[in-house]
Structure formats: structure tokens, C-alpha cells
Amino acid sequence: VQLQASGGGLVQAGGSLSVSCAASGRTFSTVVMGWFCQAPGKEREFVAAISWSGDRKYYAESAKGRFTISRDNVKNTVYLQMNSLKAEDTAVYYCAADKDRRSLIVTESYAYDYWGQGTLVTVSS
């Protein structure tokens, strides 16, 4: 599986931004997909994840109520819609695939086997 993230950019605090991750490979539609972020000087953190069918979603506390993860298995793409953005959301956002799980969502980065190159989201205050 190869992952290509896109859609990052500069947005004002309170604004919205959507990032997407296009995957190649047939296994995409059968595995859990996740989004992580890494701010400068900080460790990579879990943001959200979605089961293969889309019926299970899990969010970090910081993302609940503001971010929405979704996927389109026909387009082999997973999305992260981010609303009410804050300056502290500024980070590089990475998509990742957990090849061993279809529905069980794990928030630790070590569980994810494939990673995109990341897309930078900058929120100005």
C-alpha cells in the first residue's frame, strides 16, 4: 500500500480544512485507516481512525466534535475534515494504514504499517 496525503495549507483560526489520503493497492478497502499529526518538537499523535467499512470511527479527545474522518473505498481515499481549527492544530498530518486490522482501532502509531508522506496544516491565530 502506498499512501499520498494532500490538502494541507494555511488557514485562520476558526476556519476549516480538509485533507485527503489516496491509497494504491487492493488492501486499502479492507483495513483500518488512521490520521496522525506531528507538531514541531513534539511526538507523533493519534488524531482519528476509521474501520474498513466506515462504521467505526475513533477520535482523539482534541479532535472530537471538530474533526470528521471518512473514507471512500471505491476511490481508495480517506479524508479528514477539520473544523473550528485552532493554532495548536498546526502540524504535519500523516495518514496511515493498519494492515492487520479491519475493525479494531488502535491509537498507537506502532500498529500502523504504511504511512503517507504527510501534509502540513498551519493555523494562524
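For every chain, the first residue of the written sequence is number 1, and numbering continues from 1 along that sequence. The model is predicted, so local features are restricted to residues of pLDDT at least 70 and side-chain atom pairs to those at 80 or more, both for listing and for counting; the totals for chains, interfaces and linings are taken over all residues. Only hydrogens and water are set aside; all other atoms, that is, all heavy atoms of the structure, feed into the side-chain values.

1. As for the pairing of strand 9 (residues 91-98)
The two faces of the sheet receive side chains in turn, since in a regular strand these alternate between them. Put simply, the rule is: Note on classification: 1.4 Å probe, protein chains only; a residue is buried when its accessible area is under 20% of the maximum for its type, exposed when over 50%, partly exposed between these limits. Note on conventions: DSSP H or I runs of at least 4 residues are helices, E runs of at least 2 residues are strands, and numbering of each starts at the N terminus. Here the rule is simple: two strands pair whenever DSSP picks up at least two bridges between them.
The element strand 9 is largely enclosed, with a buried count of seven among its eight residues. In this structure, strand 4 (residues 32-38) lies alongside strand 9, joined through seven bridges in antiparallel fashion. What sits directly across from Trp-35, in strand 9, is Cys-95. Bridging between strand 9 and strand 11 (residues 119-124) involves three bridges; their strand directions are antiparallel. Note on strand 11: the bridge partner recorded for Tyr-93 is Thr-119. Bridging between strand 9 and strand 10 (residues 114-115) involves two bridges; their strand directions are antiparallel. In the sheet register, Ala-97 faces strand 10, and the bridge partner there is Tyr-114.

2. Here we look at the pattern of salt bridges
Between side chains of opposite charge, a pair can form as their charged atoms come close. Keep this limit in mind: The working definition used for a salt bridge is a side-chain nitrogen of Lys or Arg within 4 Å of a carboxyl oxygen of Asp or Glu.
If you walk through the whole model with that rule in mind, you get four salt bridges. For the salt bridge of Asp-89 with Arg-66, the shortest nitrogen-to-oxygen distance reads 2.7 Å. Of this pair, Asp-89 sits in the loop between strand 8 (77-82) and strand 9 while Arg-66 sits in the loop between strand 6 (57-59) and strand 7 (67-72), and the two are 23 residues apart along the sequence. Among the residues examined, Asp-89 registers a relative accessible area of 7% and is labelled buried. The partner of Asp-98 in a salt bridge is Arg-101, with the nearest N and O atoms 3.0 Å apart. Relative accessible area serves as the criterion here: at 0%, Asp-98 is assigned to the buried category.

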